Amino acid sequence: MADRRRVNGPVGATIPPVFEDEEVQTQETQRVTRSRAPNGIRKMYLKTGVTPSASGSAYLEIETSGKDGVSGLKLSCTVHGPRSLPRSSPFSPHIILSTHVKFAPFATKQRRGYLRDPSERDLGTHLEAALRGAIIADRWPKSGVDIIISIIEGDQDRETSGAQGDDTWDMMNALSGCITVASAALADAGIDCVDTVAGGVAALVKDGGETGTARIVIDPISSEHESIEAACCIAYLPTRDEITNLWFKGDMPDHDMGIYSELVQQGIQASKLANRVLVESLGETVK
Amino acid sequence: MASTQHVLLSPAELAYLHEALSLTPPIRPDGRAPMQFRPLVAETEILPGTNGSARICFADGTEAIVGVKAEVERTRGYHGDEQEEGGEEEEEGGEERREGEREGQGEWVELTVEIPGYRDDDAGTAFLAAMLSEALLADGRFAKKLWISRRFHWKLFLDILLISPPLSYPLPLLSLTTHLALLSTRLPRLKSEGDEDPFFDDDWAAAPYLYPQGTTTTRPPITLLVMAVGRNIIFDPSKEELAVADVVLAVSVGEAATNSASTKGKGKAIGGMDIDSAAAQPGRSLRLLSVRTVDPPSRVTPPGMPNATNSAYGVAVSVQKQPEARTVEAQAVEGVWKAPRGGAKPAVMAALVQKVLERGGVADEVLDALEAVELG
Amino acid sequence: MPLDTSAYSLALLRVDGRRWNELRRIHAQIRTQAAADGSSYLEMGHTKVMCVVTGPSEPGPRRGTTGGAAAGASKAAAEVAVSVVVAGFSSVDRKKRGRGDKRNLELQSTISNALAASLHTHLFPHSVIQVSLHVLSQDGSLLAALINAATLACVDAGIPMTDYVVACTAGSTSTYAAGDESADPLLDLNHQEEQELPGLTVATLGETDRVAVLVCESRVQVGRLEGMLAVGVDGCKQVREILDRVVREKGKRMVLEGTVVKGEGLEDMDLD
């Protein structure tokens with residue numbers, strides 16, 4: 001569907017030339033490799049109550065990996081509601097969640113349009129599944145809540161070429177951030193949840209060329225590894241030991257369940273670490 | 001959203017259904033065994049205007065049609081001819097690399113899902129499309145099949161139409177139909193060589209299949225819907241069963257190419273050993289490609305009210321006003337339906353995936369059934 | 001490739017070998033889908049469409065927000081809601097038509113109006129008859145095929161109607177620009193003919209000469225119009241014969257299988 005509300009560029013657009021400069025080449029050879037421990041997540045900054053006009057809001061920033069030109073993830077989430085449903089909508093015994101995830105047009109290497117594309121809608125559905133398990137929905141019959149997340153800066157390496165960075169893996173990182181920040185914003189809005197839910201990502205990565213062995217790391221950055229074989233994103237409730245959303249994809253080396261279970265375990269671990277930050281930040285707000 | 005559509009069941013009916021499904025063995029409303037799929041009718045190559053097509057009808061009346069169309073497209077990064085002439089030297093280097101490096105890109109496949117009554121930008125439809133294409137592209141081998149030369153590739157359009165109104169969550173139906181359509185897909189035979197402009201054989205009979213026939217090593221993936229109620233694992237749930245599910249997973253599996261090929265090869269070489277090796281390893285070995293939780297519609301079902309708190313029943317106490325009302329709300333009363341809260345234990349999720357991957361299990365059975373569908 | 005019309009005058013044969021008054025092969029099936037209230041599948045040459053009818057049923061919650069005028073009208077009689085989905089793979093070149101496509105909307109409203117006029121919608125106040133049509137393959141005469149498929153599905157759904165609404169297309173052997181006054185009319189245009197020659201779609205109520213739909217989107221001399229219309233109406237009668245046979249055969253088979261009980265007053269029904 002064409003975006004008719006804004007002035008768009010001419011239809012017969014040409015692809016701008018991409019000039020190769022020396023810098024890229026040098027960067028290529030000195031690929032930044034992961035310096036963190038395989039079971040450590042990046043530092044994150046979380047603050048609630050950043051948007052006064054919303055019922056609840058939160059801002060999340062994940063540190064850059066220390067290399068110039070590599071941005072971290074920056075997310076802002078606002079929660080509007082609980083509020084009454086419009087008169088025309090039918091009766092609902094539960095709160096109706098609606099989640100919107102939108103990349104800012106400038107968030108990624110490739111410019112995003114103003115309309116939500118299918119991948120953003122897909123993220124929204126994942127987020128909804130993750131949060132619906134956490135919210136005690138039957139305390140608000142006949143009401144709705146809107147959760148709006150803007151991804152201000154995506155987790156992308158600007159200097160890797162388009163073909164190299166597989167942005168499908170970045171979507172998992174974005175989703176885990178979305179879950180964490182939305183959980184904080186929900187708590188800020190005072191919506192009852194069974195627990196705080198946080199997202200975590202674990203991946204099976206391969207380094208060191210053809211002969212390299214695969215290993216499992218948490219909170220992966222796709223540009224730091226030669227290839228990512230499989231990854232999973234998990235939304236986890238620590239006190240109940242329950243998973244509300246699981247998204248796994250990849251190419252498993254064999255039909256062995258062992259690696260899969262290990263990935264899930266590591267994903268839970270990552271989620272627990274993120275949850276510590278979340279709980280601490282909420283504690284600070286209370287003080 | 002397609003999975004959370006309205007189910008017209010009262011809280012009492014939901015409680016009853018939940019109980020019936022948590023028995024050992026579970027009693028399903030349509031009398032199926034927990035691992036049993038709905039019977040289906042399938043046919044392929046129904047539309048001569050497409051590169052491949054298939055139609056599947058489930059016994060409950062849901063029906064889907066998938067059409068595959070392919071177009072030749074220029075690969076990005078190789079636009080102008082000038083560029084090529086200028087980079088003569090580079091090309092020499094590229095020539096050597098080419099054989100080993102048939103890179104495919106996910107963009108070469110475009111998958112659209114059309115469900116009557118839903119907008120095409122509906123979140124549920126986008127979720128279905130993302131899930132189906134994710135499984136297809138997960139192993140990176142599929143996109144490589146679309147490679148023509150360094151400058152050109154096939155762009156594959158998969159249009160998935162649900163013909164009937166969505167009576168149950170259509171994911172397994174759409175996935176199986178897509179599987180068959182891809183199996184029947186043929187691309188014209190390439191006559192040109194190297195990096196010249198592609199030129200194809202007019203003879204459709206000579207067109208090779210995208211997934212070569214006869215070899216079981218490469219087949220498109222399938223996505224199965226599996227849910228858990230209590231300790232029971234139930235495959236291919238109907239709409240009513242989904243309404244009481246504790247957790248629903250969509251699991252995509254493909255055949256493990258290397259493993260099955262090696263066992264097959266051995267069996268043939270030794271000849272007499274064929275039966276033995278088959279007996280030792282019944283069924284095929286499966287590869288896990290993707291797993292997604294599907295938001296179970298049970299979370300938005302109306303809750304029942306226990307008699308203890310029901311003022312209409314005679315206990316005219318204003319429970320809601322008392323401070324302990326919230327604790328009362330959290331307690332489960334037997335026979336009174338309450339929408340499940342929270343998620344699922346990791347062990348339950350692992351068990352679900354394990355069950356799908358089981359040798360000789362449901363996925364195997366479904367793949368066997370699909371293999372039996374005649375092409376053409 | 002432009003259509004070569006010069007050959008017609010030599011052998012009086014069209015590009016696909018038909019005479020001027022011949023229909024393409026029509027193949028139809030009803031009750032193709034177990035779960036639907038009514039369903040049908042129709043082929044007119046290479047044009048293939050499927051139709052599923054749901055209803056008459058209570059309007060769902062998602063349809064509650066229609067405009068005030070429409071909501072008022074739906075109280076007295078059932079509303080016929082038609083949705084046409086043109087599959088991306090239906091034409092030679094893959095083309096995705098969105099749901100808001102203007103051509104689609106026009107097809108939908110034409111079919112909806114035609115059906116609403118012949119179905120006894122006043123018997124079902126406060127309800128909706130949902131007709132969803134899927135185009136699987138197109139080779140001309142799309143609107144005619146859609147109307148015929150919708151009629152069959154409505155018959156299958158058991159919705160009372162005055163008569164079959166049957167449609168077919170008619171054209172003329174030479175283009176408007178040729179200005180050829182002696183041009184012969186043609187029946188049932190295929191895609192190639194539809195692109196080049198003037199044509200119209202006509203739907204009639206059963207065997208009567210009462211026209212239910214007449215759509216002409218091309219330029220044609222007034223003098224030729226009458227001939228085209230006459231041929232079109234004649235074609236509709238042939239189409240009705242075919243559709244009627246399909247319905248009767250299916251009915252016969254269902255009675256033989258015992259799926260339905262033979263109705264009263266049908267003692268003379270031939271069950272060989």
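This one's a predicted model, so the numbers in the text were calculated from it and none came from an experiment. Sequence positions are assigned chain by chain, starting from 1 and proceeding in written order. Chain letters and ligand numbers both follow the written order, the letters beginning at A and the numbers at 1. Whole-chain, interface and lining totals are the exception, using all residues; otherwise, since this is a predicted model, local features are given only for residues with pLDDT of at least 70 and side-chain atom pairs are given and counted only at 80 or more. For the side-chain quantities, the full set of heavy atoms in the structure was used; hydrogens and water were omitted.

### Considering the overall build of chain B
Scanning chain B from terminus to terminus reveals twelve helices and nine strands. Remark: exposure states derive from per-residue accessible area (1.4 Å probe, protein chains only) relative to the maximum for the residue type, with buried under 20%, exposed over 50%, and partly exposed in between. Out of the 376 residues belonging to chain B, those deemed buried represent 52%. Of the roughly 16700 Å² that chain B leaves accessible, carbon and sulfur atoms contribute 53%. Numbering goes from the N terminus for both helices and strands, where a helix is a DSSP run of H or I of at least four residues and a strand is a run of E of at least two. The Shrake-Rupley method, run with a 1.4 Å probe, gives the accessible areas here. Residue values count only the displayed protein chains as cover.

### So, the sheet that holds strand E2 (residues 56-62) of chain A
Residues and elements named next belong to chain A. By the convention used here, strands pair only if DSSP detects at least 2 bridges between them. What the five strands build is an open sheet, ordered E1-E2-E3-E5-E4; its pairing is mixed. Looking at strand neighbours, the two that pair on one side only are strand E1 (44-48) and strand E4 (96-103), the edges of this open sheet. Strand-to-strand twist across the sheet, computed as the mean angle between neighbouring axes with direction ignored, equals 15 degrees. Here five bridges tie E1 to E2, and the two strands are oriented antiparallel to one another. What sits directly across from Met44, in E2, is Ile62. Structural elements are reduced to axes, namely lines fitted to C-alpha atoms, with helices fitted over the stretch in contact, and the angle between N-to-C directions of any two is expressed from 0 to 180 degrees.

### A closer look at the confidence of the model for chain B
pLDDT gives the predictor's per-residue confidence on a scale running from 0 to 100. Overall, the predicted model of chain B reaches an average pLDDT of 76, with 75% of residues at or above 70. Residue range residues 323-328 of chain B is modelled with pLDDT below 50. Its contacts to residues more than four positions away, or to other chains, number five contacts. Only heavy atoms enter the contact rule, under which two residues are in contact if any of them lie within 4.5 Å.

### What about the pattern of salt bridges?
The salt bridge definition used is simple: a Lys or Arg side-chain nitrogen within 4 Å of an Asp or Glu carboxyl oxygen. Here the structure, examined in full by the defined rule, presents 38 salt bridges over all chains. In this structure, the salt-bridge partner of B:Arg55 is B:Glu43, at a minimum N-O distance of 2.4 Å. Of the two residues, B:Arg55 sits in strand E2 (residues 52-58) while B:Glu43 sits in strand E1 (residues 40-44), which places them twelve residues apart along the sequence. In this structure B:Arg55 comes out as buried when scored by relative accessible area, which is 15%. The exposure class of B:Glu43 is partly exposed, given its relative accessible area of 33%. By sharing partners, the salt bridges in this structure join C:Arg14, C:Asp16, C:Arg18, C:Arg24, C:Asp139, C:Asp188 and C:Glu193 into a single network.

### Considerations on the sheet that holds strand E5 (residues 128-137) of chain C
Pairing between sheet strands relies on hydrogen bonds along the backbone, with the strands arranged either parallel or antiparallel. Residues and elements named next belong to chain C. Taken in spatial order, the five strands of this open sheet run E1-E2-E3-E5-E4, and their pairing is mixed. Single-partner strands in this sheet number two, and they are strand E1 (26-30) and strand E4 (79-86). Averaged over all adjacent pairs, the angle separating strand axes in this sheet is 15 degrees, with direction ignored. Pairing between strand E3 (residues 47-57) and E5: eight bridges, direction antiparallel. Paired with Cys51 across the two strands is Leu133, which belongs to E5. Along the sheet, helix H3 (residues 102-118) makes contact with E4 and E5, crossing E4 at roughly 145 degrees. Relative to E1, helix H6 (residues 222-257) is tilted by about 35 degrees, and along the sheet it contacts E1 and strand E2 (38-44).

### Thoughts on the confidence of the model for chain A
Any segment with low pLDDT has predicted coordinates that should not be analysed in fine detail. Summing up the model confidence of chain A, the mean pLDDT is 83 and the portion of residues at 70 or higher is 84%. Under a pLDDT of 50 for its full length, residues 161-165 of chain A has, in the predicted model, three contacts with residues more than four places off or in other chains.

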